[in-house]
Each structure stands twice: as C-alpha cells, then as structure tokens.
Amino acid sequence: MDKLTRYSLETIWKTEVPVESIEAHAVICLVSEAEWITGHFPESWKQAITSVKERGLFNGSENQMFTIPVKQGNSAATLVLVGTGEHPMSAEELRNLAAKAAKASMQVSADQVVFAMPSSLVSYSATQDVATVAHALTEGFILGTYRRKNYKQNQKAYIGPGKVIFHQEKITIPNFQKEWEKGMSDGKAYAEGTIYARDITNLPGNMLVPEDLARAAEDLANKHGLEYSIMDEKKLEKKGMGGLFSVGKGSIHPPRMIVIKYQGKESWDGEIVGLVGKGITFDTGGISLKPRVGMEEMISDMGGAATVLGVLEALCITRPKRNVLVVIPTAENMPSGGAFKPGDVITTLSGRTVEILNTDAEGRVVLADGMTYAKELGATRLIDVATLTGAVVSALGDVATGAVSNDETFLNSFISASRRTGEKVWPLPAYPEFQEMLRSDVADLRNSTGRNAASSTAGLFIGTFADGMPWIHLDIAGTAFLTKERGVNPKGATGVMVRTIVEWILSDERVV
Ligand code: BES
Ligand code: MN
Ligand code: ZN
C-alpha cells in the first residue's frame with residue numbers, strides 16, 4: 001500500500017575482520033564499565049577514545065551514550081559508545097539499548113551501520129542464549145528506527161539505515177553463527193510485523209476507512225498467497241451480522257467483515273487460533289458523541305485490527321506449522337441520520353440480542369460478530385485484540401495491556417510469552433458478578449454498564465460470544481498509541497501485542 005512508508009533493513013553478520021575495516025556511517029560500540037577501562041579498541045579510534053577517557057565523558061555505565069567522529073574504513077564515521085553497565089543484560093535491556101543506538105544512527109543519517117559487540121556479550125546476557133541476544137538487538141534496532149510517515153510538502157530523503165552489520169571479532173561459543181542468524185531473522189520478522197501494524201494504525205481517519213482497511217488486508221493476503229474473504233455491507237447484513245452492520249450504518253463509508261487464513265499445517269483442522277481485531281477506523285462515539293478534546297487519537301481505534309494483521313505479516317516470514325484465522329470487523333462509528341441509537345435493540349450473528357445503551361461502546365458490538373464468525377470458520381481458541389475501554393487506561397496507564405480470559409492455563413502461557421517480549425500484560429478479573437451487570441430487561445445483553453469495573457465488563461461482554469471456547473481478550477486502549485516515545489516504542493502507534501502474539505504462537509510451551 002503506497003500510503004505506508006515501508007523500507008526493508010538488511011541485517012547481516014560478520015566476523016574475523018577487523019571492525020574498523022568495515023565501511024559504515026555509524027559504528028555502535030557496546031561497552032561495559034570494565035571493558036571501557038581494559039578493552040582494546042581499534043588503532044584508528046584511539047585518538048578519539050583517549051580524548052573521551054581523558055575528559056571523563058563516558059564510563060560504560062548503563063544507558064550512557066556518547067558519540068564521536070572516528071576514521072572507519074576509508075572514510076569518516078560516527079562512533080556511538082553505548083554503556084551496558086556491569087550486570088547481565090536482560091532481553092528487554094538489549095532491545096532498549098539497540099533502539100537508542102538506532103536513534104543515534106539516524107541522527108547522523110547513517111545508511112550503513114556496524115554493531116560492534118564485545119565477545120563477552122552473550123555470556124553477559126541474562127539468558128546466555130545466542131539467538132535471544134541476536135533477536136533482541138535486531139528487533140530493538142529496527143523498532144527504534146521507526147518514524148511515523150508525515151505529509152509535509154518538503155520531505156527529507158533520508159528514511160533510515162539500509163543495512164546493519166553485526167560484528168564480533170572473537171567467537172568461542174559453538175554454533176554461534178547459526179544461532180545468531182536464527183535470532184536475527186526472528187527479530188526482524190517480529191519487528192516488521194510490528195512496524196506494519198504501526199504504519200496502518202498511524203494513518204489518518206480520512207486515509208483509512210473500512211474499505212481501505214479491507215484493501216490493505218487484501219494486499220497483505222495477496223502478497224503472501226493467503227486465502228481471504230471480504231464481506232461488504234449488504235452481504236454482512238444478509239448474513240445476520242447485526243452488530244457490525246448497526247455500528248457501521250451511520251457512516252457514508254460502509255462496514256466490512258475481513259477474514260484471512262494462515263494455514264501452516266497440512267490441513268485446516270486441529271488447533272486453529274482465531275485472532276479477532278477491532279477495526280473501528282475512527283470512533284466519534286456516534287450519537288453518544290465523544291468530547292472534542294483528544295478525539296483525534298481515535299484514528300487508532302483500529303489498533304487491534306492492525307495488530308492481528310501485523311501478526312500475519314510476521315507469521316508469513318517465520319512460517320510456523322500452525323493454523324491461524326484472522327477476523328476483522330471494521331466500521332467507522334459516526335453520528336448521522338442513519339446511525340444506530342441508544343435504546344436500539346439489535347440482533348448479533350450469534351442470535352443474541354443486545355440493547356444499545358451507549359453508541360460509544362461500539363467495539364464490543366462489532367467484536368461480538370467477529371467472535372461468532374471466527375468460531376463458525378473453525379477457530380478452536382480465540383484471542384481478541386481491541387482498543388476497548390478508557391477504564392483500562394485509568395487502571396494500567398499506557399504501560400500494560402489489560403487481559404480478561406475464561407481460561408487460566410491459556411492466559412498464563414500468554415503472559416509468560418509477554419515476559420519474553422517485554423510487552424506488559426496484566427490480568428483483569430472476570431468475576432461472575434460482572435457478567436450479571438451485563439443483563440438487560442429487553443435483550444440478552446446490554447452493551448454498556450456504566451463506570452464500575454468497566455474494563456472487565458466490556459471484556460466479559462465479548463467473552464460471552466466465545467460460548468465457552470478458550471479465549472483471551474487484550475485491551476490495548478492504553479498501549480496502542482503513545483503521547484510520547486518510550487523504549488522501543490515511538491510516539492503514536494506502537495503495534496503493541498504483535499510480538500507477544502507471534503511469540504505465543506511460535507512457542508512450544510503453549511497449551512494445545
Ligand atoms: N475506543 C474507545 C476506547 C478508548 C478510549 C480507546 C481511550 C483508546 C483511548 C471505546 O470505543 C469507547 O469509547 N469506550 C467507552 C465505553 C463506555 C461508553 C462504556 C469508554 O471506555 O469510555
Ligand atoms: Mn467508542
Ligand atoms: Zn472505540
């Protein structure tokens with residue numbers, strides 16, 4: 001899709017050549033406190049290093065960074081000294097450090113970047129696992145290079161580095177290269193899936209209406225040769241998707257039901273993971289109109305849809321032997337003469353009726369149909385991803401994603417995947433008392449329950465449509481879109497949960 005700024009970063013691995021002989025615009029040098037004192041640096045950097053030492057501008061402590069010009073290959077480069085401190089590095093620390101280095105490389109418009117790693121790096125990492133280190137550094141670097149596309153008339157030509165060369169002079173660990181390359185390619189896949197999600201989430205509401213989201217999904221499916229289907233508003237109404245149809249009917253841009261299948265197993269049976277993403281391309285609140293302040297952030301209300309598409313992108317690179325079904329109900333929530341209203345009673349695909357009390361609680365209404373449809377298409381396990389409630393932002397801020405589930409083992413395996421990716425997930429209770437709050441006098445359910453326990457009740461509304469199938473709901477309202485950058489995440493769309501869902505799908509520990 002030409003609305004997106006995609007570029008591919010080449011990552012390679014080199015050894016047995018002196019680091020200073022590799023042509024580069026930026027050289028990132030990871031140094032611990034001890035290495036800064038006793039380590040050997042290339043002759044051509046000597047002058048620069050000595051002066052930094054003499055002036056005490058750097059000492060290798062954690063998160064410290066200092067840049068100096070050096071001679072590199074046949075030309076000049078910027079040496080980026082990055083301190084690692086003096087303790088084993090966790091994957092999250094490595095990711096954050098690589099993201100920082102990426103930003104420093106971009107400040108000097110580097111096209112080719114060398115990552116100079118001390119030979120102690122892996123033994124000094126928390127897991128001591130080569131692939132984990134390679135994965136974290138590659139992923140962190142690529143995520144750190146991300147910039148939101150802008151629409152200014154005068155664009156800068158530079159969009160980011162084109163090539164990263166990881167370099168380590170001495171290798172003592174057996175199978176190092178093979179392990180490193182595996183980690184590097186996984187890290188790249190996770191990052192590219194995440195970046196896909198960021199790009200599509202950051203698109204303004206006028207550039208991404210439900211038809212555009214459907215086209216983007218179609219492009220993604222065609223690119224990877226995946227089976228897909230898109231239902232237009234007439235077809236989905238006829239099918240009985242009253243939830244999606246009602247939310248979409250207030251807009252001149254009609255709703256769509258998007259389905260894509262990733263078939264990694266020989267046949268479409270056994271475990272099929274259904275990923276259902278909320279695809280509200282813009283949420284005004286509808287007739288229950290939102291306040292004007294901050295409404296622009298509602299371009300990210302299709303963040304759940306973007307996440308599940310990003311997962312597909314990453315799966316098509318890593319190609320696991322699993323079956324995954326992606327379902328995206330997409331609509332624009334607008335107030336108009338044709339819009340659904342408070343007091344309306346609608347019939348969902350499941351046959352359950354819903355009393356609409358607040359048209360701004362639209363996400364759960366479209367997701368209800370998404371869940372039922374995913375089950376109809378064979379899903380045996382469901383994860384829904386949605387920018388669902390303001391209440392989750394009150395509870396967890398923009399730091400953690402809230403989770404509601406009907407299956408503790410499933411949720412625990414997912415949370416352990418999230419610990420490996422560094423994307424925080426926090427469970428919210430699913431008490432039966434909350435389920436009772438969803439009762440309505442005139443329909444099977446009400447779509448809004450007021451302020452109390454709002455994230456749990458919203459999650460449980462969606463969970464009702466799982467009908468007992470193992471299910472996890474991920475509320476990314478706080479984590480999908482940031483007001484300022486943090487770690488590997490930029491300001492704006494983060495593509496949160498792409499990495500964790502992929503990690504969970506690829507993991508062997510997960511329940512089957
Ligand atoms: N898309 C919003 C939730 C949201 C809020 C996402 C803030 C990102 C940041 C959702 O559709 C919504 O409006 N939820 C309401 C539900 C309420 C009316 C029951 C909310 O949380 O206020
Ligand atoms: Mn809403
Ligand atoms: Zn919404």
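Everything numeric here is computed off the predicted structure, so don't read it as measured data. (Residues numbered from 1 in each chain as written. Chains lettered and ligands numbered in written order. Predicted model: local features only at pLDDT ≥ 70, side-chain atom pairs only at ≥ 80, totals over all residues. Heavy atoms only, no water.)

A word on the packing of helix α10 (residues 363-376) against helix α14 (residues 454-464)
Step number 1: Their axes nearest at 8 Å, the elements α10 and α14 cross at an angle of 30°. When the interaxial angle is binned, α10 and α14 end up roughly parallel. Where α10 crosses over α14, the two elements pack in a sense that is right-handed. Taking contact as the criterion, the partners of Arg 364, Val 365, Leu 367, Ala 368 and Met 371 in α10 are, on α14, Ala 458, Phe 461 and Ile 462.
Step number 2: Residue classes in the contact of α10 with α14 are distributed as seven nonpolar, no polar and one charged. (Axes fitted to C-alpha atoms, helices over the stretch in contact; angles between N-to-C directions. Helix = DSSP H or I, 4+ residues; strand = E, 2+ residues; numbered from the N terminus. Parallel < 35°, antiparallel > 145°, perpendicular 65-115°, else oblique. Left-handed = near helix turned anticlockwise from the far one by under 90°. Contact = heavy atoms within 4.5 Å. Nonpolar A, V, L, I, M, F, W, Y, C, P; charged D, E, K, R; others polar.)

Re the sheet that holds strand β5 (residues 112-116)
Step number 1: Taking strand neighbours across the sheet as the criterion, the six strands line up as β1-β6-β5-β2-β4-β3 in an open arrangement whose pairing is mixed. Lying at the two open borders of the sheet, with one neighbouring strand each, are β1 (10-14) and β3 (65-72). With strand direction ignored, the average angle separating the axes of adjacent strands in the sheet is 25°.
Step number 2: When β1 meets strand β6 (residues 163-167), the two strands line up parallel, connected through five bridges. Opposite Glu 10, over in β6, you have Lys 163 as the bridge partner.
Step number 3: Against the sheet, helix α2 (residues 46-55) touches β3 and β4 (75-83), its axis set at about 155° to β3. (Pairing = 2+ DSSP bridges.)

A look at the sheet that holds strand β17 (residues 445-446)
Step number 1: Taken in spatial order, the three strands of this open sheet run β12-β13-β17, and their pairing is mixed. Each edge of the sheet is formed by a strand with only one pairing partner; in this case those strands are β12 (345-347) and β17.
Step number 2: For β12 and strand β13 (residues 353-355), the ladder comprises three bridges, and the chain directions are antiparallel. Looking across to β13, one finds that Val 345 is bridged to Glu 355.

A few points about the coordination of the zinc ion (ligand 3)
Step number 1: The coordination sphere of the zinc ion (ligand 3) contains the protein donors Lys 278 (NZ), Asp 283 (OD), Asp 301 (OD) and Glu 362 (OE), at a distance range of 2.0 to 2.4 Å.
Step number 2: Of note is the zinc ion (ligand 3), whose six donor atoms meet at the metal with angles of 77 to 174° in an arrangement that counts as octahedral.
Step number 3: In the primary structure, the donors to the zinc ion (ligand 3) are separated according to the pattern K-x4-D-x17-D-x60-E.
Step number 4: The exposure class assigned to Asp 301 is buried, which follows from its relative accessible area of 2%. (Donors = N, O, S within 2.8 Å, 3.2 Å for Na, K, Ca; no water. Tetrahedral: all angles 85-135°; square planar, octahedral: opposite > 155°, others 65-115°. Buried < 20%, exposed > 50% of the residue type's maximum accessible area, 1.4 Å probe, protein only.)

Describing the domain arrangement of the chain
Step number 1: Along its sequence, the chain is carved into domain 1 (2-195) and domain 2 (203-511).
Step number 2: One C-alpha centre belongs to domain 1, the other to domain 2; they are set 36 Å apart.
Step number 3: Counting residues at the interface gives 20 residues for domain 1 and 24 residues for domain 2.
Step number 4: Interface area, domain 1 with domain 2, both sides summed: about 1900 Å², of which 58% is carbon and sulfur.
Step number 5: For the pair domain 1 and domain 2, the number of links is two salt bridges.
Step number 6: A salt bridge links Glu 485 to Lys 103, with the shortest nitrogen-to-oxygen separation between them at 3.5 Å.
Step number 7: At the surface where domain 1 touches domain 2, the tally comes to five residue pairs in polar contact (both at pLDDT 80 or more).
Step number 8: With six residues, the top contributor of residues to the side of domain 1 that touches domain 2 is helix α5 (residues 176-202). (Domains from an automatic or database assignment. Buried area = accessible area lost by both parts, 1.4 Å probe. Salt bridge = Lys/Arg side-chain N within 4 Å of Asp/Glu carboxyl O. Polar contact = N/O pair within 3.5 Å; in protein donor to acceptor, adjacent residues only side chain to side chain.)

Brief notes about helix α15 (residues 498-506)
Step number 1: A large share of α15 lies buried, amounting to eight of its nine residues.
Step number 2: Turning to α15, its buried residues are Val 498, Arg 499, Thr 500, Ile 501, Val 502, Glu 503, Trp 504 and Ile 505.

Some points on the coordination of the manganese ion (ligand 2)
Step number 1: Looking at the metal site, the manganese ion (ligand 2) is ligated by Asp 283 (OD), Asp 360 (O), Asp 360 (OD) and Glu 362 (OE), spaced 2.0 to 2.2 Å from it.
Step number 2: Relative to the metal, the six donor atoms surrounding the manganese ion (ligand 2) lie at angles of 71 to 168°, and the coordination shape comes out irregular.
Step number 3: Along the chain, the residues donating to the manganese ion (ligand 2) fall in the pattern D-x76-D-x1-E.
Step number 4: Residue classification places Asp 283 among the buried residues on the basis of a relative accessible area of 3%.

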